[in-house]
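The chain contents come next:
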Amino acid sequence: MKIFAFAASSSRQSINKKLVTYACSLVPNADIEIADLNDYELPLFSVDREEELGHPALAQAFFNKITAADKLIISFAEHNGSYTAAYKNLFDWLSRIDNKVFQNKPTLLLSTSPGPGGAASVMQSALHSAPFFAADVKAHLSVPRFFDNFDVANNTINNQAIHEDLLTAIKQL
């Protein structure tokens, strides 16, 4: 089983990347690739840019990673209640390659934030929109108060209830 995973964030210190990496470590017997959105930085999407550039090679490469995967794990960072600009821009480019961005792949959606909401606003947006872009969402989990519930030094969730919820979500994937 091949899993393609990423944090929908361009932060080099992304807590969502820590969460998605931890989640992937809990998946048994899988070939896992965790992408960094910084490796797929693209010009700001517009129809004019698309006419000029076509489908940029980096967008096609990311799309091909989704194609090659059996399952997806995505952890969404929240900026001002919505997707990060880096993710939204990449997604806009991907959707021009094929509107079925997620290609009917079984998908686990995660999110976290330092605050009590756990990036719930962006999670709700993702849960609403992902099926329109051919994500087969099997489970989702928002982790509140990341620094209270995740041991950064040991890269592990230290809240047993959240850990169990994550294991359940992974099983549903």
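The rules behind the values
Residues numbered from 1 in each chain as written. Predicted model: local features only at pLDDT ≥ 70, side-chain atom pairs only at ≥ 80, totals over all residues. Heavy atoms only, no water. Axes fitted to C-alpha atoms, helices over the stretch in contact; angles between N-to-C directions. Helix = DSSP H or I, 4+ residues; strand = E, 2+ residues; numbered from the N terminus. Parallel < 35°, antiparallel > 145°, perpendicular 65-115°, else oblique. Contact = heavy atoms within 4.5 Å. Nonpolar A, V, L, I, M, F, W, Y, C, P; charged D, E, K, R; others polar. Polar contact = N/O pair within 3.5 Å; in protein donor to acceptor, adjacent residues only side chain to side chain. Salt bridge = Lys/Arg side-chain N within 4 Å of Asp/Glu carboxyl O.

**Student:** Before we go on, may I ask you to explain the packing of helix α3 (residues 57-68) against helix α4 (residues 85-97) in this structure?
**Tutor:** What describes two packed helices is the angle between their axes and the distance between those same axes. Following both chains from N to C, one finds α3 and α4 inclined at 75°, their axes separated by 9 Å at the closest point. The angle between α3 and α4 falls in the class roughly perpendicular. Touching A59, Q60, F62, F63 and I66 of α3 are L90, W93, L94 and I97, all from α4. A breakdown of the residues in the contact of α3 with α4 according to their chemical character gives 8 nonpolar, 1 polar and no charged.

**Student:** Teacher, can you tell me more about the environment of K105 here?
**Tutor:** In this fold, K105 is placed in strand β4 (residues 105-112). When the C-alpha positions of K105 and K71 are compared, they lie 5.4 Å apart, and in sequence the two are 34 residues distant. Among the polar contacts listed, one links the side chain of K105 to the backbone oxygen of T67, at a separation of 3.0 Å.

**Student:** Mind showing me how you'd approach the pattern of salt bridges here?
**Tutor:** Side chains bearing opposite charge may pair, as long as their charged atoms lie close to each other. Counted according to the given criterion, the structure contains 7 salt bridges. The residue D36 makes a salt bridge to K17 at a minimum N-O spacing of 3.6 Å. On the criterion of sequence distance, the pair formed by D36 in the loop between β2 (31-35) and α2 (47-53) and K17 in helix α1 (residues 15-25) is long-range, its members being 19 residues apart. The closest approach of N and O atoms between K138 and D136, which form a salt bridge, is 3.2 Å. Within the structure, one salt-bridge network assembled from shared partners comprises R12, K17 and D36.

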